[in-house]
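# Residue-level structure breakdown
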Amino acid sequence: MHHFAYKTGVLHAEGVSLAAIADEVGTPFYCYSSATLERHYQVFQAAFAGSQTLICYSVKANSNQAVLMTLGQLGAGMDVVSEGELRRAIAAGIPGERIVFSGVGKTADEMAAGLAHDIYAFNAESRGELEQLSAVAQQSGKTARVALRVNPDVDPKTHHKIATGRAEDKFGIPWSESLELYDVASQLPGLSPVGVHMHIGSQIIDLEPFERAFALLRELVQDLRGSGHEIEFINFGGGLGVPYRSDAETPPDPEAYAAIVLKAAQDLDCRLLFEPGRMIAGNAGVLVSRVLYVKPGPTKTFTIVDAGMNDLIRPTLYGAHHEIWPVTEAQANATVAATDVVGPVCETGDFLALDRELPELQAGDLIAVLTAGAYGAVQASSYNSRLLVPEVMVRGDAHAVIRARPSYERLIGADTLPGWLTGT
Ligand code: LLP
């Protein structure tokens, strides 16, 4: 459920007209709804009422400081994967004890930064990483709380680029080696292996892979305790899908997901950790863009808009489907025709939608690309020397620019010239 709806014929984010924001900040821009972000966090939290939990929003999905602070003020923890994300979480006021650090390639500096903030746990993914973390912890005079991320070799039935829990994926410790590596971790100075972690993929619609993977996680906790390890928490990762197609996709509701988690965790007396990203931020955001030209071609019509693959890469990178709504509500009798909605970037792969049935659009019209709150702005680039687009947050009738459009001076000024070119 989200808070983008037509009011008197114009698409609004909560109480604010997207057309009015477009007039103020120009296009393209991202717009987020606070009420939607808050609702998703609260629905997830409510599904686990009565359990001891730590919900670590996955910062990578949308790392804007205003988004982090909105969630942090509800009590959310954060799942970070880099020093940059750690710094963002800390800057948003998230205490270290609510932060977990994931990722296959943490550097020694990143480990030291996590230890300096006394984070809740590191999710470790290899023997080499355990050894490095042990060395850094000893240097810092700290103990690193560790969860080993195990790879259950379960196919999450999602796009192959976002599947992470199959044997061939780079993530996690092979299932067969997990017991041995816990023994290694418990011998290494400065490490305290107190949790287990798993994240099998993203945009998961079918609960069955979760069920199989979580059953294995339960077994692992029992085996580890049998060998004398004190396991305090289970981190179930993220991955819950969202409905990109409101007519066709029905992702599991948090209660159904919670039932599976609670079955796996039953009687283990563990704290339950989660790292949801997309289900919190996904449909809390839209990308608003203006039609520049409608170009009839020999085989199809192109609707050329001012947002491109550099602003939202998901359609071309994952073949992702994002619904597109005209900001001015179409009349009931409007002609609907198939069109490719494409951007200005010089690549054939620069599209937001292919062969999409849309009410006829004209130059100057505004469109909203839905479900763009997660993995949208964070994956944007300035390819073609296009400026990153602004981000706006709405709360009720209020709105604020939460990241301004940068200037061309800043874009060009980021480069520096070697002396042999400037003659200095
Ligand atoms: N935890 C870990 C360890 C992860 O790797 C991820 C996502 C998450 C949590 C959050 O997963 P979520 O709840 O959002 O599914 N750029 C891609 C998605 C990449 C996801 C990477 N890892 C996309 O646009 O679909």
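See the structure printed just above.
These numbers were taken from a predicted model, which means no experiment stands behind them. (Residues numbered from 1 in each chain as written. Predicted model: local features only at pLDDT ≥ 70, side-chain atom pairs only at ≥ 80, totals over all residues. Heavy atoms only, no water.)

### Some words on the site of the ligand
Around the ligand, 18 residues are found, and the nearest of them are Ser-202, Glu-275, Arg-314, Tyr-318 and Tyr-375. Taking Arg-278, its main chain carries an N or O atom lying 2.8 Å from an oxygen atom of the ligand. Tyr-318 is positioned such that a nitrogen or oxygen atom in its side chain is 2.7 Å from a nitrogen atom of the ligand. In isolation the ligand has 590 Å² of accessible area, and contact with the protein removes 92% of it. Mapping the ligand onto the cavity grids shows that it belongs to the largest pocket. A breakdown of the residues in the shell around the ligand according to their chemical character gives four nonpolar, eight polar and six charged. (Near = heavy atom within 4 Å. Polar contact = N/O pair within 3.5 Å; in protein donor to acceptor, adjacent residues only side chain to side chain. Areas by Shrake-Rupley, 256 points an atom, 1.4 Å probe, with all protein chains shown as cover. 1 Å grid on protein atoms, 1.4 Å probe; cavity = no way out; pocket = protein on both sides within 12 Å on 5 of 7 lines; lining within 4 Å. Sits in = over half its atoms within 2 Å of the grid points. Nonpolar A, V, L, I, M, F, W, Y, C, P; charged D, E, K, R; others polar.)

### A word on the sheet that holds strand 1 (residues 4-7)
Taken together, three strands build an open sheet; the order of strands is 1-2-3 and the sheet is antiparallel. A strand with exactly one partner marks an edge of an open sheet, and here the two such strands are strand 1 and strand 3 (16-17). (Pairing = 2+ DSSP bridges. Helix = DSSP H or I, 4+ residues; strand = E, 2+ residues; numbered from the N terminus.)

### Structural notes on the packing of helix 3 (residues 65-72) against helix 4 (residues 83-91)
A pair of packed helices is captured by two measures, namely the crossing angle of their axes and the spacing between those axes. Two elements in contact, helix 3 and helix 4, have axes whose closest approach is 9 Å; the angle formed by their N-to-C orientations is 55°. Taken together, the axes of helix 3 and helix 4 lie oblique to each other. As helix 3 runs across helix 4, the sense of the crossing is right-handed. Residues Gln-65, Leu-68 and Met-69 of helix 3 touch helix 4, and the partners they reach there are Arg-88, Ala-89 and Ala-91. (Axes fitted to C-alpha atoms, helices over the stretch in contact; angles between N-to-C directions. Parallel < 35°, antiparallel > 145°, perpendicular 65-115°, else oblique. Left-handed = near helix turned anticlockwise from the far one by under 90°. Contact = heavy atoms within 4.5 Å.)

### Some words on the packing of aromatic side chains
Inspection of the entire model under this criterion finds 15 aromatic pairs. Ring geometry for Tyr-6 against Trp-325: centres 5.9 Å apart, planes inclined by 20°, an arrangement best described as stacked. With Tyr-6 in strand 1 and Trp-325 in strand 16 (residues 324-326), this residue pair connects regions lying 319 residues apart in the sequence. By the ring-pair criterion, three or more aromatic residues cluster together here, those being Phe-44, Phe-48, Phe-210, Phe-214, Phe-236, Tyr-257 and Phe-274. One Lys or Arg, Arg-145, reaches over the ring of Tyr-120 and ends 4.5 Å from the middle of that ring. (Phe/Tyr/Trp six-rings, centres within 6.5 Å; stacked < 30°, edge-to-face > 60°. Lys NZ or Arg CZ within 6 Å of the ring centre and 35° of its normal.)

### Remarks on a nonpolar patch on the surface
A surface patch of nonpolar side chains, about 460 Å² in accessible area, is lined by Leu-417, Trp-420 and Leu-421. The residue Trp-420 is located in helix 13 (residues 419-422) in this model. (Patch = residues over 30% accessible without salt bridge, like charges linked within 9 Å, V, L, I, M, F, W, Y side chains within 5 Å. Salt bridge = Lys/Arg side-chain N within 4 Å of Asp/Glu carboxyl O.)

### Observations regarding the packing of helix 5 (residues 108-116) against helix 6 (residues 127-140)
Packing of helix 5 against helix 6 brings their axes to within 9 Å, and their N-to-C directions diverge by 50°. Regarding the angle of helix 5 to helix 6, the classification is oblique. Crossing hand, helix 5 versus helix 6: right-handed. Residues Ala-108, Met-111, Ala-112 and Leu-115 of helix 5 lie in contact with helix 6, whose contacting residues are Glu-129, Gln-132, Leu-133, Val-136, Ala-137 and Ser-140. Of the residues assigned to the contact of helix 5 with helix 6, the class counts are seven nonpolar, two polar and one charged.

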